[in-house]
Amino acid sequence: MKATATANSNIALVKYWGKRNEELILPYNSSISMTLDKLYTTTTVEFSKKYSKDELTIDAEKISGEELERVEKQLNLIRRAAKVSEKAKIASASNFPKAAGLASSASAFAALTLAATKALDLHLPKKELSIIARQGSGSACRSIYGGFVEWQKGTLENGEDSYARQVAPQNHWPELCMIVNVLTPKQKKIKSRAGMAQTIATSPLYKAWLETVESDLEKVRSGILEKKLSLLGQTAEMNALKMHSTMITTEPHIIYWEPETIVLMKEVMQLREEATECYFTIDGGPQVKVLCLERDAKKIEKRFSEMKEVQKTFLCKAGGDAKLIDRELF
Ligand code: PMV
């Protein structure tokens, strides 16, 4: 009744922003992401009668409160499916800062779902894993797969048609890189969940977001399949700015950017002026992720890593599927 899994984080190129069902985590729009090879979470889960309650550690720190409740809720879904009631010990470790806009909840809930279902001997197909992972954190449904992944929003009330599928495998476009710049490892103040709800309730721009997202999805799908960086990058950059515009116009405003974020955005624009093709994207936090081709990646990474605003860089390529591993955390 013990298993360990590892899952890579993913960064959306067309963002998921807004839930039509908060409880089941069903989105208003589909989204497309790239799974990243260098950012990952490893999770060990053990169910046993020896535990009187669920115990969670993240990066060796004991966790209680809201974070523990989210994990217990996810385990309850899996316990119900396996018809067991044993409590669990869960240890999770990531190689990057959590809750800072680097999709730590995506890799964490994907790894947790895979480890917990295996520990209870449920051998589920990826589609089912994606549906369960989605209910922990929306973006986690995409981290079940490697490569380039689309989360189909679905239309059913029960969420059975809201899951991820692979658009292209990990080895489809080996030249494509994403440089993740960690500017400040501070945890964000407003969780995406609250940010999304506030946006839907108060932003006059949310309607425009929904009206243009289908066309962004089409362009990003083609950009990936035809390996066209300019189409992919321009659309992804604009999509991120549109998402942030909806939040900036909520009441009260949600501004995830820090001054360093803007400096980095301008640096990407400057690189383009110098004929180095690259594009940025930003999630629910200050970090700036940059898409580029391998031929320019080292040069761009060096440029960022020399900036005083940047604390750390990860030069990523498309990563693999979430998988079971033998190396246990306890
Ligand atoms: O899955 P959550 O609740 O962490 O929300 C993710 C939201 C964004 O990162 C901003 C966009 C996305 O599609 O990953």
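It should be noted that the structure appears before, not after, this text.
Residues numbered from 1 in each chain as written. Predicted model: local features only at pLDDT ≥ 70, side-chain atom pairs only at ≥ 80, totals over all residues. Heavy atoms only, no water.

1. Considering the nonpolar core
Now for step 1: Grouped together as the largest cluster of nonpolar side chains are 78 residues, with contacts concentrated most on Leu13, Met34, Phe148, Leu176 and Leu291.
Now for step 2: Looking at which element gives the most residues to this core, the answer is helix 2 (residues 104–119), with 9 residues.
Now for step 3: Other than its neighbours up to four places away in sequence, Leu13 contacts Ile32, Ser33, Met34, Met178, Val220, Ile224, Leu232, Ala236, Asn239 and Leu291.
Now for step 4: Core analysis: the next-biggest nonpolar cluster, separate from the first, contains 20 residues, Val268, Cys292, Ala297 and Leu315 among them. (Core = buried A, V, L, I, M, F, W, Y, C linked by side-chain atoms within 4.5 Å. Buried < 20%, exposed > 50% of the residue type's maximum accessible area, 1.4 Å probe, protein only. Helix = DSSP H or I, 4+ residues; strand = E, 2+ residues; numbered from the N terminus. Contact = heavy atoms within 4.5 Å.)

2. Structural notes on unusual backbone geometry
Now for step 1: Here the amide bond leading from Glu251 into Pro252 is cis, since omega sits at -10°, within 30 degrees of zero.
Now for step 2: Looking at where Pro252 falls in the secondary structure, it is placed in the loop between helix 6 (229–248) and helix 7 (259–273).
Now for step 3: Of note in this structure, Asp59 is not a glycine but carries a positive phi near 50°.
Now for step 4: Following the sequence through the fold, Asp59 ends up in the loop between strand 5 (55–58) and strand 6 (61–63).
Now for step 5: Residue classification places Asp59 among the partly exposed positions, given a relative accessible area of 37%.
Now for step 6: Backbone geometry at Lys83 places phi at a positive 55°, although glycine is not the residue there.
Now for step 7: Note that Lys83 resides in the loop between helix 1 (65–82) and strand 7 (87–94).
Now for step 8: Lys83 gets classed as exposed once you look at its relative accessible area, which sits at 74%.

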